[in-house]
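Inside the fold
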Amino acid sequence: MTVSQAISQAQGPSPYAKLSAGMLIRHDATGKRQEILVNYAAILQGEQADMPIQENDIIYIPNSRGRRFTYDLVGMTDLMMMQQSFAMGRRMQRGIREQ
């Protein structure tokens, strides 16, 4: 199994993942921890070879703070617009018009 196959089996990365900053964590036979950088975006684009994984490997793809902030901001904007639409509908039902 490869890094991309393992990520796919785990339902893929989160919508705000920083795909270029992945990490494969592996322990060798002596128990020494190895950290191997994984650029998942480059793997998807065919710019980096997909790496085979070994038993007990851990693949970590961190979140991007900027992407998370943008995602949350868009969600808040949608929520505010929906609230305004409901408020306007209630005013119209009561016969009150905005001027």
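This section reports on the structure supplied with the text. This one's a predicted model, so the numbers in the text were calculated from it and none came from an experiment. (Residues numbered from 1 in each chain as written. Predicted model: local features only at pLDDT ≥ 70, side-chain atom pairs only at ≥ 80, totals over all residues. Heavy atoms only, no water.)

1. Quick word on unusual backbone geometry
Positive phi, normally seen in glycine, also occurs at Gln 11, with a value near 75 degrees. Note on placement: Gln 11 falls in the loop between helix H1 (3-9) and strand S1 (22-27). Phi at Asn 56 takes a positive value of approximately 75 degrees, unusual for a residue other than glycine. Its location among the elements puts Asn 56 in the loop between helix H2 (40-44) and strand S3 (58-60). (Helix = DSSP H or I, 4+ residues; strand = E, 2+ residues; numbered from the N terminus.)

2. Re the side chain of Ser 4
Inspection of the secondary structure assignment puts Ser 4 in helix H1. Of the polar contacts made by the side chain of Ser 4, one reaches the side chain of Thr 2; its length is 3.4 Å. A distance of 2.3 Å separates a polar atom in the side chain of Ser 4 from a polar atom in the side chain of Asp 50. Discounting residues that sit within four places of it in the chain, Ser 4 has contacts with Tyr 40, Ile 43 and Asp 50. (Polar contact = N/O pair within 3.5 Å; in protein donor to acceptor, adjacent residues only side chain to side chain. Contact = heavy atoms within 4.5 Å.)

3. Structural notes on the nonpolar core
Note on soluble globular proteins: their nonpolar side chains tend to be buried together. Counting 8 residues, the largest nonpolar core consists of Val 3, Ile 7, Ala 17, Leu 24, Val 38, Tyr 40, Ile 43 and Ile 61. When residues of this core are traced back to their parent elements, those giving at least two are H1 and H2. Ignoring any residue separated from it by four or fewer positions in sequence, one finds Ile 43 in contact with Val 3, Ser 4, Val 38, Gln 48, Ala 49 and Asp 50. (Core = buried A, V, L, I, M, F, W, Y, C linked by side-chain atoms within 4.5 Å. Buried < 20%, exposed > 50% of the residue type's maximum accessible area, 1.4 Å probe, protein only.)

4. Some remarks on the pairing of strand S2 (residues 33-38)
It is a general feature of regular strands that their side chains alternate between the two faces of the sheet. Relative to S2, S1 is paired through 6 bridges, and the arrangement is antiparallel. Its bridge partner being in S2, Leu 24 is matched across the sheet by Ile 36. Remark: 5 residues form the turn of the hairpin made by S1 and S2, two consecutive strands paired antiparallel; Gly 31 in that turn has positive phi of roughly 90 degrees. (Pairing = 2+ DSSP bridges.)

5. Notes on the pattern of salt bridges
In the structure shown here, the tally under the stated rule is 2 salt bridges. For Asp 57, the salt bridge goes to Arg 26, with nearest N and O atoms at 2.6 Å. Highlighted residues: Asp 57 in the loop between H2 and S3 and Arg 26 in strand S1, separated in sequence by 31 residues. Just as Asp 57 is buried, Arg 26 falls in that class too. Between Arg 33 and Glu 35 there is a salt bridge, with its nearest N and O atoms 2.9 Å apart. Classification of Arg 33 as partly exposed rests on a relative accessible area of 46%. Residue Glu 35 is classed as partly exposed on the basis of its relative accessible area, which comes to 49%. (Salt bridge = Lys/Arg side-chain N within 4 Å of Asp/Glu carboxyl O.)

6. A few points about the sheet that holds S3
Here 3 strands make up an open sheet; going across it, the order is S2-S1-S3 and the pairing antiparallel. Of all the strands in the sheet, just S2 and S3 have a single pairing partner and so form its edges. Strand after strand, the sheet turns through a mean of 20 degrees between neighbouring axes, direction not considered. Where S1 meets S3, 3 bridges bridge the pair, whose relative direction is antiparallel. Bridge pairing in S3 links Leu 24 to Ile 59. (Axes fitted to C-alpha atoms, helices over the stretch in contact; angles between N-to-C directions.)

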